[in-house]
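The primary structure of each chain is shown beneath.
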Amino acid sequence: YISNLNNELVFTMAVEKLMDVQVPERAEYIRVILCELNRISSHLLFYGTFGLDAGAMTPALYSFRERERIQRLFESVTGARMMHNYFRVGGLKQDVPEDFNERVLQVIQELEKAINECDQLLSKNEVFLARTRNIGVISSEDAIALGVSGPSLRATGIPYDLRVIEPYSVYDRFEFDIPVGKLGDSWERYALRVEEMRQSVSIIKQALQQLPENSPVMASGLRRLPRPPKGEVYVRAENPRGEFGVYLVSAGETKPYRVKVRAPSFSNLQSITHLLREAYVADSVVILGSIDIILGEVDR
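Residues numbered from 1 in each chain as written. Predicted model: local features only at pLDDT ≥ 70, side-chain atom pairs only at ≥ 80, totals over all residues. Heavy atoms only, no water.

Draft legend 1. Highlighting the overall build of the protein. Along the protein, the regular secondary structure elements total 13 helices and five strands. Relative to a compact globule of 300 residues, whose C-alpha radius of gyration would be 19 Å, the protein shows 19 Å and is just as compact. For the protein, the spread of C-alpha atoms along the principal axes amounts to about 60 × 40 × 30 Å. The buried share of the protein, reckoned over its 300 residues, is 54%. For the protein, contacts bridging at least 24 residues in sequence account for 76% of all contacts bridging at least 6. (Helix = DSSP H or I, 4+ residues; strand = E, 2+ residues; numbered from the N terminus. Rg over C-alpha atoms; globule rule 2.2 N^0.38 Å. Buried < 20%, exposed > 50% of the residue type's maximum accessible area, 1.4 Å probe, protein only. Contact = heavy atoms within 4.5 Å.)

What follows is the structure, encoded as structure tokens:
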């Protein structure tokens, strides 16, 4: 529910792959813009709550102020602040408002300044460094063995990002970096997310420049309730927390025969017993916070 649009995208892509549906370019670009804004929104929430985990109150005030700008934009586009239900099989529920481009530009201009403010406020704070540096260290080999993905894996030095490794939607048309760490400690898991917000801003700027005008946002000839042919498919994408996958089995009906979700929080949490070894009890809150789990992705 914190990365709702990113998760909507994977399910719709799974059905589209099963049905061999070609999504209009305008819809693809709008999807990318909204998903990257959702990534920033998710990372801002992490920034604030992780600051609280380490004993700092002010970062939460900064992050919620900036996150609210994105939430207001989402509300103007989808009509909701959390469960957006905006992506559709074949495109979007409806086109974005007329002033969408201007509003997004204004939001990302403010976000650029805010990300730098957040970075300066917390990243090099002496107490914060003492609480996070060399705390909760994991090697790249152990991270891979435990199924870790996303920023938690990239913090160990593995430049694994599905937007680059297996480009989906229109991500192959953008230039951006994959931030990576070296130690795989709590501070690097935090710092990577701060840098990822900057990369997301860069992707949004490029997407706005390339966004087709006066084009359809929905594939033609689709039923209101899609009826995919019989078959199975697995599609994955880069959720703010890592690899989010959907395994879908169709029996040729309007409802899927089976859906299995591979949620990154569930897999990343498996590393906690490794990360807590030889750590102080006081460090456990910081280590757990650095994984950035959402219990909605963990609870079965």
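So much for the structure itself; the text now carries on.
Draft legend 2. Layout of the sheet that holds strand β5 (residues 258–262). Spatial ordering of the open sheet is given by β3-β4-β5, a layout of three strands whose pairing is antiparallel. A strand with exactly one partner marks an edge of an open sheet, and here the two such strands are β3 (231–239) and β5. When the angles between neighbouring strand axes are averaged without regard to direction, this sheet yields 10°. Direction of pairing for β3 relative to strand β4 (residues 242–250): antiparallel, over a ladder of nine bridges. Looking at β4, one finds that Asn239 is bridged to Gly242. (Pairing = 2+ DSSP bridges. Axes fitted to C-alpha atoms, helices over the stretch in contact; angles between N-to-C directions.)

Draft legend 3. Region of the structure containing the packing of aromatic side chains. All chains considered together, the criterion is met by nine aromatic pairs. An angle of 70° between the planes, with centres 4.9 Å apart, marks the rings of Phe128 and Tyr190 as edge-to-face. In this pair, Phe128 is assigned in helix α5 (residues 126–132) and Tyr190 in helix α9 (residues 186–210), connecting sequence segments 62 residues apart. Look at Phe128 and you get buried, because its relative accessible area is 2%. Each residue in the set Phe46, Tyr47, Phe50, Phe128 and Tyr190 is aromatic and connected to the rest through ring pairs, giving one cluster. Note that Arg31 overlies the ring of Phe87, its terminal NZ or CZ placed 5.6 Å from the centroid. (Phe/Tyr/Trp six-rings, centres within 6.5 Å; stacked < 30°, edge-to-face > 60°. Lys NZ or Arg CZ within 6 Å of the ring centre and 35° of its normal.)

Draft legend 4. View of the environment of Lys205. Relative to the elements of secondary structure, Lys205 occurs in helix α9. Given the relative accessible area of 34%, Lys205 is considered partly exposed. Sequence-wise, Lys205 and Lys17 are 188 residues apart; in three dimensions their C-alpha atoms are separated by 28 Å. The contact partners of Lys205, leaving out residues within four places of it in the chain, are Ile108 and Glu112.

Draft legend 5. Focus on unusual backbone geometry. Non-glycine residue Asn214 carries a positive phi angle of around 50°. With respect to the secondary-structure elements, Asn214 resides in the loop between α9 and β3.

Draft legend 6. Up close: the pattern of salt bridges. By the definition in use, this model includes 26 salt bridges. For Glu166, the salt bridge is made with Arg236, and the minimal N-O distance between the two is 2.3 Å. In this pair, Glu166 is assigned in the loop between α8 (162–165) and α9 and Arg236 in strand β3, connecting sequence segments 70 residues apart. According to the relative accessible area criterion, Glu166 is partly exposed, its value standing at 38%. Take Arg236: its relative accessible area is 23%, and that puts it in the partly exposed class. Residue Arg241 is joined to Asp292 by a salt bridge in which the shortest nitrogen-to-oxygen separation is 3.5 Å. Within this pair, whereas Arg241 is found in the loop between β3 and β4, its partner Asp292 is found in the loop between α12 (284–291) and α13 (295–298), the two being separated by 51 residues in sequence. (Salt bridge = Lys/Arg side-chain N within 4 Å of Asp/Glu carboxyl O.)

Draft legend 7. Spatial organisation of the nonpolar core. Among the nonpolar cores identified, the biggest contains 64 residues, and Leu34, Leu37, Tyr86, Phe174 and Tyr190 are the most heavily contacted of them. When contributions to this core are tallied by element, the ones reaching two or more residues are α1 (4–19), α2 (25–53), α3 (58–78), α4 (100–123), α9, β3 and β4. The element contributing the most residues to this core is α2, with 13 residues. In this view, Tyr190 contacts Phe46, Tyr47, Phe50, Cys118, Leu122, Ser123 and Phe128; residues no more than four positions away in its chain are not counted. Ala143, Val148, Leu153 and Ile291 belong to the second-largest nonpolar core, a separate cluster that totals 12 residues. (Core = buried A, V, L, I, M, F, W, Y, C linked by side-chain atoms within 4.5 Å.)

Draft legend 8. Representation of α1. For α1, spanning 16 residues, the distance from its first C-alpha to its last is 23 Å, which sits close to the expected 22 Å at 1.5 Å a residue. One or two positions beyond α1, positive phi appears at Asp20, with a value near 55°. (Expected span 1.5 Å × (residues − 1).)

Draft legend 9. Layout of the packing of α2 against α3. Axis separation between α2 and α3 bottoms out at 8 Å; the angle between their running directions is 155°. With respect to their mutual orientation, α2 and α3 come out roughly antiparallel. Pair α2 / α3 crosses with left-handed handedness. Here Leu34, Leu37, Asn38, Ile40, Ser41, Leu44, Leu45, Tyr47, Gly48 and Leu52 of α2 come into contact with α3, specifically with Pro59, Ala60, Ser63, Phe64, Glu66, Arg67, Ile70, Gln71, Leu73, Phe74 and Val77. Among the residues making up the contact of α2 with α3, the classes are represented as 14 nonpolar, five polar and two charged. (Parallel < 35°, antiparallel > 145°, perpendicular 65-115°, else oblique. Left-handed = near helix turned anticlockwise from the far one by under 90°. Nonpolar A, V, L, I, M, F, W, Y, C, P; charged D, E, K, R; others polar.)

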